[in-house]
Amino acid sequence: MSVGEQGVTNRAPHRAGTPVLGGLLPAVVPLGMLILGLVGAPGDGSAQDLTAARQQAKAALEAAQAADDAAGSVAGHPDFAAATDGDTSLAQRLTEARRYLGWARSAWERAEREPSPSAYRDARVLLTRAERELSGYRAAVDDAIAAIERARRPPPPPPPPPPPPDTSPPRALREIVEVFLDGDYAAVIERVDGVLEASGTRFSGVRGSRARKSVGHARLLRAASLYALYLAGGERSADAALRGAAVDDVLAAKERLPDLVLAPEIFSPRFRDFYSATR
């Protein structure tokens, strides 16, 4: 027995009654086939076994033929040449796959001439291997074509910038300003008490830097209202709590609005002086 480039040449005499691979393959077969030990005898098994083996082999034949058709049809793709240009491994892969398909078809034809379960099993093994190799070739070409198509597509547009943060005063604060301008100072104090949380450090429903400024403005308006009521009461010592609460609110407003300049058209001269003097 000698090993050639294409397989094993059966030159040595064989023991009578022991066909090579069930007598299904030509004189030259792939070395891997003999290693697998796929050797059978014609006529073995029942008629039921024969039918089942033939059906399985025929299904494998149809799958291999479909894979071969798919491998051939991809050559018509407009990007096939670019995908395979310079890649000799793909051409070698197709050649090897079709070599297996040739052996497999020969095995099927011999099984059809000399039917036996083992002959059909041998053919099915080769057909399955051929189908796997052809499908692998087609998948590799498809991947190469897909890479070309991806490279051809323009890059996706950048995501839109995030919307600018909302810096407008919350509605509740705007309403408090309107009540303050109407001179209803008691209502201002009540409303500010209603929107501030956590001992006057958070504005209800508002978060972030916008909340910090909203708290500052709310406490400023409350401070001005408390001080206005203090002045309206005649600055009596009995109303010292009003002035003390106004001092606390002014300090809180200055902490949150350090660069604020009081508008003279909104705040009275007495309160602006009080605001400047409070430390």
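Residues numbered from 1 in each chain as written. Predicted model: local features only at pLDDT ≥ 70, side-chain atom pairs only at ≥ 80, totals over all residues. Heavy atoms only, no water.

Caption draft 1: Here's a closer look at the overall build of the protein. Regarding its fold elements, the protein presents 10 helices and five strands. The buried share of the protein, taken over its 279 residues, is 34%. Considering only intrachain contacts with a sequence separation of at least 6, the fraction spanning at least 24 residues in the protein is 66%. Surface summary for the protein: the accessible area is close to 16,100 Å², and the carbon and sulfur share equals 54%. (Helix = DSSP H or I, 4+ residues; strand = E, 2+ residues; numbered from the N terminus. Buried < 20%, exposed > 50% of the residue type's maximum accessible area, 1.4 Å probe, protein only. Contact = heavy atoms within 4.5 Å. Areas by Shrake-Rupley, 256 points an atom, 1.4 Å probe, with all protein chains shown as cover.)

Caption draft 2: View of the packing of aromatic side chains. Overall, the coordinates contain 10 aromatic pairs when judged by the stated rule. Ring geometry for Trp 108 and Tyr 120: centres 5.6 Å apart, planes at 55°, overall tilted. With Trp 108 in helix H4 (residues 88-113) and Tyr 120 in helix H5 (residues 117-152), this residue pair connects regions lying 12 residues apart in the sequence. Here Trp 108 and Tyr 120 have matching classes, each one buried. Aromatic pair Phe 271 and Phe 274: ring centres 6.1 Å apart, planes at 45°, arrangement tilted. Within this pair, Phe 271 and its partner Phe 274 are both found in helix H10 (residues 269-277), separated by three residues, close to a single helical turn. A single burial state applies to Phe 271 and to Phe 274, both of which are buried. Each residue in the set Phe 180, Tyr 185, Tyr 227, Tyr 230, Phe 267, Phe 271, Phe 274 and Tyr 275 is aromatic and connected to the rest through ring pairs, giving one cluster. One Lys or Arg, Lys 254, reaches over the ring of Tyr 275 and ends 4.9 Å from the middle of that ring. (Phe/Tyr/Trp six-rings, centres within 6.5 Å; stacked < 30°, edge-to-face > 60°. Lys NZ or Arg CZ within 6 Å of the ring centre and 35° of its normal.)

Caption draft 3: Quick peek at a negative patch on the surface. Taken together, the side chains of Glu 178, Asp 182, Asp 184 and Glu 190 define an acidic patch exposed on the protein surface. Its location among the elements puts Asp 182 in the loop between helix H6 (171-181) and helix H7 (185-195). Residue classification places Asp 182 among the exposed residues on the basis of a relative accessible area of 67%. (Patch = residues over 30% accessible without salt bridge, like charges linked within 9 Å, V, L, I, M, F, W, Y side chains within 5 Å. Salt bridge = Lys/Arg side-chain N within 4 Å of Asp/Glu carboxyl O. Lys, Arg positive; Asp, Glu negative; His and termini not counted. Charge placed at Lys NZ, Arg CZ, Asp CG, Glu CD.)

Caption draft 4: Structural detail: the environment of Leu 221. Along the chain, Leu 221 falls in helix H8 (residues 208-232). Relative accessible area serves as the criterion here: at 5%, Leu 221 is assigned to the buried category. The residues contacting Leu 221, other than those within four sequence positions of it, are Leu 173, Ile 176, Val 177, Phe 180, Val 188 and Phe 267.

Caption draft 5: Up close: the pattern of salt bridges. Summed over all chains, the structure comprises 16 salt bridges. Asp 68 is the partner of Arg 105 in a salt bridge, and the nearest nitrogen-oxygen pair spans 3.8 Å. Taken together, the positions of Arg 105 in helix H4 and Asp 68 in helix H2 (residues 47-73) put the pair 37 residues apart, joining distant regions of the chain. With relative accessibility at 13%, the residue Asp 68 sits in the buried group. A salt bridge links Arg 171 to Glu 175; its shortest N-O distance comes to 3.2 Å. One end of the pair, Arg 171, and the other, Glu 175, are both in helix H6, four residues apart, so they sit about a helical turn from each other. Salt bridges linked by common partners bring Asp 193, Arg 219, Arg 222 and Asp 249 together as one network.

Caption draft 6: Fine view of the nonpolar core. With 31 residues, the main nonpolar core has Leu 134, Tyr 137 and Val 141 as its most contacted residues. Taken together, the elements giving at least two residues each to this core come down to H2, helix H3 (80-84), H4 and H5. Among the elements that line this core, the one with the most residues is H5, at 11 residues. Those residues within four positions of Leu 134 in sequence are excluded, and the remaining contacts are Ala 64, Ala 67, Asp 68, Ala 71, Leu 94, Ala 97, Arg 98 and Leu 101. By size, the runner-up hydrophobic cluster in this structure holds 30 residues, among which are Val 179, Ala 211, Val 250 and Phe 267. (Core = buried A, V, L, I, M, F, W, Y, C linked by side-chain atoms within 4.5 Å.)

Caption draft 7: Fine view of a nonpolar patch on the surface. Among the surface-exposed residues, Val 177, Leu 181 and Ile 266 lie close enough to one another that they form a single nonpolar patch of about 240 Å² accessible area. Judged by its relative accessible area of 31%, Val 177 is partly exposed.

Caption draft 8: Inspection of H10 at higher detail. Taken as a whole, H10 has its buried residues at Phe 271, Phe 274 and Tyr 275. The arc that holds every buried residue of H10, seen down its axis, measures 100°, which confines them to one face. Counted as exposed and oriented over 90 degrees from the buried face of H10: Pro 269, Asp 273 and Ala 277. (Arc of directions from axis to C-beta.)

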